[in-house]
Amino acid sequence: MLGPKMLEALSRHVDQEIYSAQLYLAMGAYCEAKAFKGFGRWLRAQHLEELEHARKMLDHVVARGGQPALGAVAAPPREFGTIAQVFEAVLAHERRVSESVHALHAAASAERDVATQVFLQWFVDEQVQEEEAAAEIVDKLHMVGDRPGAALYLDKEYGKRGRSG
Ligand SMILES: [Fe+2]
Ligand SMILES: [Fe+2]
């Protein structure tokens, strides 16, 4: 059975995953509106992944006999600047999510909630991949600078993700 502190902490993290989903949906639409359809597709795929993360965490809460209390989710920004700034914001956001996952892990450890610690391992690993993927795009966009041809090439490459899922 999940303790009340873990229930609250995991519920807040579900909110954060849903905010991530909202943020990436908004960023995807922003990219698409700026004719970066490929990055838009990449972000839509990311949006769906974040919803999956929220559900995965919710499933753990329910499996442990907890009744999650979902909170309000803030509206994401509407303006994200240049395409490089969009992905800088993705990377910064993923780093914040990683910190939140690490804090959950520490809380589970303090509560001697071994099942939650083991469960969170998946999220710890996932965040390593999330940060790596975002950092790679940021690095590539910085290399490209203001050469539109190269930016459009990257847009096409990253757009392949949306098609394969
Ligand atoms: Fe996530
Ligand atoms: Fe993420």
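This section reports on the structure supplied with the text. (Residues numbered from 1 in each chain as written. Chains lettered and ligands numbered in written order. Predicted model: local features only at pLDDT ≥ 70, side-chain atom pairs only at ≥ 80, totals over all residues. Heavy atoms only, no water.)

Some points on the coordination of the iron ion (ligand 1)
Protein coordination of the iron ion (ligand 1) is provided by Glu17 (OE), Glu50 (OE) and His53 (ND1), with donor distances spanning 2.0 to 2.1 Å. Between the iron ion (ligand 1) and the iron ion (ligand 2), a spacing of 3.3 Å is present, and a bridge between the two is formed by Glu50. Within this pair, whereas Glu17 is found in helix α1 (residues 4-33), its partner Glu50 is found in helix α2 (residues 37-63), the two being separated by 33 residues in sequence. Residue Glu17 shares its accessibility class with Glu50, and that shared class is buried. (Donors = N, O, S within 2.8 Å, 3.2 Å for Na, K, Ca; no water. Helix = DSSP H or I, 4+ residues; strand = E, 2+ residues; numbered from the N terminus. Buried < 20%, exposed > 50% of the residue type's maximum accessible area, 1.4 Å probe, protein only.)

Some points on the packing of aromatic side chains
The tally for this structure, following the rule as stated, stands at seven aromatic pairs. With centroids separated by 5.5 Å and ring planes inclined at 55°, the aromatic side chains of Phe119 and Phe123 adopt a geometry described as tilted. One end of the pair, Phe119, and the other, Phe123, are both in helix α4 (residues 114-144), four residues apart, so they sit about a helical turn from each other. Given a relative accessible area of 1%, Phe123 falls into the buried group. By way of ring pairs, the aromatic residues Phe36, Phe39, Trp42, Phe87 and Tyr158 are connected into one cluster. Sitting over the face of the ring of Trp122, Lys56 holds its NZ or CZ atom 4.2 Å from the ring centroid. The residue whose ring lies beneath Arg161 is Trp42, and the NZ or CZ to ring-centre distance is 4.6 Å. (Phe/Tyr/Trp six-rings, centres within 6.5 Å; stacked < 30°, edge-to-face > 60°. Lys NZ or Arg CZ within 6 Å of the ring centre and 35° of its normal.)

Some words on the coordination of the iron ion (ligand 2)
For the iron ion (ligand 2), every protein donor is listed as Glu50 (OE), Glu94 (OE), Glu94 (OE) and Glu130 (OE), and the spread of their distances is 2.0 to 2.6 Å. Taken together, the four donor atoms coordinating the iron ion (ligand 2) span angles of 53 to 148° at the metal, a pattern that classifies the geometry as irregular. Taken in chain order, the donor set of the iron ion (ligand 2) reads E-x43-E-x35-E. (Tetrahedral: all angles 85-135°; square planar, octahedral: opposite > 155°, others 65-115°.)

Looking at the packing of α2 against helix α3 (residues 83-110)
Relative orientation of the contacting elements α2 and α3 amounts to 15°, with a least axis distance of 13 Å. Between α2 and α3, the angle is such that the two are roughly parallel. Relative to α3, the crossing made by α2 is left-handed. Counting all contacts with α2, which are made through Phe39, Trp42, Leu43, Gln46, Glu50 and Met57, the residues of α3 involved are Ile83, Val86, Phe87, Val90, Glu94 and Leu104. Taken together, the residues that form the contact of α2 with α3 break down as nine nonpolar, one polar and two charged. (Axes fitted to C-alpha atoms, helices over the stretch in contact; angles between N-to-C directions. Parallel < 35°, antiparallel > 145°, perpendicular 65-115°, else oblique. Left-handed = near helix turned anticlockwise from the far one by under 90°. Contact = heavy atoms within 4.5 Å. Nonpolar A, V, L, I, M, F, W, Y, C, P; charged D, E, K, R; others polar.)

The values reported here are purely geometric and, on their own, carry no functional implication.
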